[in-house]
Amino acid sequence: MALNNAQYDAIMREYEKRQTRNRHLLEERTKEINTKVEGYRELSESIAAISVSQAKKLLEGDESALEDLRTSIRKLSSMKEELLTGAGYPPNYLDPVYDCPDCKDTGYIDGSKCHCFKQAIINILYEQSGIQEMLKKENFSMLSYEYFEGEDLKRLQNTVAECRNFIKTFDSDYHNLFFYGTVGTGKSFLSGCVAKELIESGHSVIYSSSAKLLETLSANVYDYKNNKDTSANDQNDFYGCDLLIIDDLGTEYPKNINITILFSLLNGRHLNRKSTIISTNLSLEDFRNLYSDRIFSRISNQYTICKFTGPDIRMIKKRLQNRK
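This one's a predicted model, so the numbers in the text were calculated from it and none came from an experiment.

Q: Pulling in residues and values, what's your account of the overall build of the protein?
A: Broken down by element type, the protein carries 11 helices and 7 strands. What you see for the protein is a C-alpha radius of gyration of 30 Å, clearly larger than the 20 Å of a compact globule of 324 residues, by over 25%. Projected onto its principal axes, the C-alpha coordinates of the protein cover approximately 90 × 55 × 35 Å. Among the 324 residues that make up the protein, the fraction classed as buried is 38%. Carbon and sulfur atoms make up 48% of the accessible area of the protein, which totals about 18,800 Å². In the protein, the 43 positive side-chain charges and the 46 negative ones have mean positions that sit 5 Å from each other.

Q: An account of the nonpolar core is needed here, citing residue identities and associated values.
A: Counting 39 residues, the largest nonpolar core has Phe166, Phe179, Leu190, Val194, Leu198, Leu243 and Ile277 as its most contacted members. Looking at this core, the elements that each hand over two or more residues are helix H1 (5–36), helix H4 (115–129), helix H5 (150–168), strand S3 (176–181), helix H6 (187–200), strand S4 (205–209), strand S5 (243–247) and strand S7 (303–308). The element contributing the most residues to this core is H4, with 8 residues. If near-sequence neighbours (up to four positions away) are discounted, leucine 198 is found in contact with Phe166, Ile167, Phe170, His203, Val205 and Leu243. Ranked by size, the runner-up nonpolar core spans 25 residues in total, among them Ile206, Leu213, Leu244 and Phe263.

Q: Report on the pattern of salt bridges, specifying residues and quantitative values.
A: Evaluation of the coordinates by the stated rule reveals 9 salt bridges. Close ionic contact of lysine 36 with glutamate 32 constitutes a salt bridge, the shortest N to O distance being 3.9 Å. In this pair, lysine 36 and glutamate 32 both sit in helix H1, 4 residues apart, roughly one turn of the helix. Of the charged contacts, one joins arginine 74 and glutamate 67 as a salt bridge, the two residues approaching to 3.7 Å between their closest N and O atoms.

Q: A description of the packing of H5 against H6 should follow, citing residues and the corresponding values.
A: Helix-helix packing is characterised by the crossing angle of the two axes and by the distance between the axes. In the contact formed by H5 and H6, the axes pass within 10 Å of each other and the chain directions differ by 20 degrees. Between H5 and H6, the crossing angle belongs to the class labelled roughly parallel. Crossing hand, H5 versus H6: right-handed. Between H5, through Leu156, Thr159, Val160, Cys163, Phe166 and Ile167, and H6, the contact on the second element is made entirely by Leu190, Val194, Glu197 and Leu198.

Q: Residues and numbers for the sheet that holds strand S6 (residues 275–280), please.
A: The 5 strands are arranged S4-S5-S6-S3-S7 in an open sheet whose pairing can be described as parallel. With partners counted over all chains shown, the strands left at the sheet margins are S4 and S7, one partner each. Pairwise comparison of adjacent strand axes, ignoring direction, gives a mean angle of 15 degrees for this sheet. As defined by bridge partners, S4 adjoins S5 across 5 bridges and the pair is classed as parallel. Paired with serine 208 across the bridge in S5 is isoleucine 246. Against the sheet, H6 engages S3, S4, S5, S6 and S7, with an angle of about 160 degrees to S4.

Q: Give a detailed account of the environment of threonine 251, specifying residues and quantitative values.
A: In this fold, threonine 251 is placed in the loop between S5 and helix H9 (256–271). Considering only alpha carbons, one finds threonine 251 and serine 210, 41 residues apart in sequence, at a separation of 7.3 Å.

Q: An account of the side chain of threonine 159 is needed here, citing residue identities and associated values.
A: Mapped onto the fold, threonine 159 is located in helix H5. Other than its neighbours up to four places away in sequence, threonine 159 contacts Phe179, Leu190, Cys306, Lys307 and Phe308.

Q: Hey, could you go over H4 for me, with residue numbers and the actual values?
A: Counting along an α-helix, one turn takes 3.6 residues, and residues three or four places apart therefore face a common direction. Between its first and last C-alpha atoms H4 spans 21 Å; for 15 residues at 1.5 Å apiece the expected length is 21 Å, and the two agree. When H4 is considered as a whole, its buried residues turn out to be Cys116, Phe117, Ala120, Ile121, Ile122, Ile124, Leu125, Tyr126 and Ser129. On its buried face, H4 sits against H1, strand S1 (108–109), strand S2 (112–113), H6 and S4. Positive backbone phi, approximately 75 degrees, marks glycine 130, located one or two places after H4.

Q: Describe unusual backbone geometry, naming the residues involved and giving the relevant values.
A: In this structure, aspartate 105 takes a positive phi of about 60 degrees despite not being glycine. On the basis of relative accessibility, which here comes to 1%, the residue aspartate 105 falls in the buried class. Positive phi is not limited to glycine here, since aspartate 248 has a value of about 60 degrees. In this structure, aspartate 248 sits in the loop between S5 and H9. Judged by its relative accessible area of 27%, aspartate 248 is partly exposed.

Q: Could you give an account of the packing of aromatic side chains, naming the residues involved and the relevant values?
A: All chains considered together, the criterion is met by 9 aromatic pairs. Pairing tyrosine 108 with phenylalanine 117 gives two aromatic rings, centres 5.4 Å apart and planes at 55 degrees, and the pair type is tilted. Grouped by ring-pair contacts, the aromatic residues Tyr8, Tyr15, Tyr108 and Phe117 constitute a single cluster. Of note, arginine 164 hangs over the ring of phenylalanine 140, and the distance from its end group to the ring centre comes to 4.1 Å.

Parameters and conventions
Residues numbered from 1 in each chain as written. Predicted model: local features only at pLDDT ≥ 70, side-chain atom pairs only at ≥ 80, totals over all residues. Heavy atoms only, no water. Helix = DSSP H or I, 4+ residues; strand = E, 2+ residues; numbered from the N terminus. Rg over C-alpha atoms; globule rule 2.2 N^0.38 Å. Buried < 20%, exposed > 50% of the residue type's maximum accessible area, 1.4 Å probe, protein only. Areas by Shrake-Rupley, 256 points an atom, 1.4 Å probe, with all protein chains shown as cover. Lys, Arg positive; Asp, Glu negative; His and termini not counted. Charge placed at Lys NZ, Arg CZ, Asp CG, Glu CD. Core = buried A, V, L, I, M, F, W, Y, C linked by side-chain atoms within 4.5 Å. Contact = heavy atoms within 4.5 Å. Salt bridge = Lys/Arg side-chain N within 4 Å of Asp/Glu carboxyl O. Axes fitted to C-alpha atoms, helices over the stretch in contact; angles between N-to-C directions. Parallel < 35°, antiparallel > 145°, perpendicular 65-115°, else oblique. Left-handed = near helix turned anticlockwise from the far one by under 90°. Pairing = 2+ DSSP bridges. Expected span 1.5 Å × (residues − 1). Phe/Tyr/Trp six-rings, centres within 6.5 Å; stacked < 30°, edge-to-face > 60°. Lys NZ or Arg CZ within 6 Å of the ring centre and 35° of its normal.

Here is the structure:
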């Protein structure tokens, strides 16, 4: 799963906090029981004393010492449990406390990441993507074909199949997607569907409007001496994340520097075999005229091009909502 060193360290610090918090909780419970339950402290001290005594006998060659110790501990532990339950406490009240009993708050089970660690990674990836709320509505469970028919429907179904294959083969087959077509036909929605599936499988995804992306990268070019660390980190994320989704390319203010920066970004990601999804409302001809033959050639050769046609779904839903 995709984590940088800082993110990994942040997760491990959280595990350390859990361990410290739960250790203090157990200490407070132990203090409470020793104070309120008569005879409990003495039984604990007896177990400790017997353990030391039997250990000495074992070292002196008494082969029965270990079994005698086990028998004594079982008896004394049973007595302690009776004292706890008799005082109204659950029998496991003084057992070690864990947020995740499976890994005992270490994050690992037999050298492999625990399910709680994997979930922590996914949470970080959602936070990094910046689209967690959006993906609650834009995912495959919300996919509907009801507003499409004929050739529009066929195109959408083919594109959905392409997206599912993109996800299925993401780790084994480097590829990119280019979505173009009219407004409101599902380009951003399907980008979100892909983003959610890949984040849930532990891949880093950055979803950005073209305006924000190019503004950030341009700031890094023009003000590299005074640039804040956050901007540098953003640039590293744009170049290094497993999947970069550039939404609404063509809506930003066109400048020559933007074209150069965009080409550098796409070329850098291609060289590192990092996948990209681009969506635009421009026609292919308009896109070529706006972004130069060099970028258009890169898109044509390295991206699967998917055309979107049909009604503006957002406008349809808005009209239906206004009628209620």
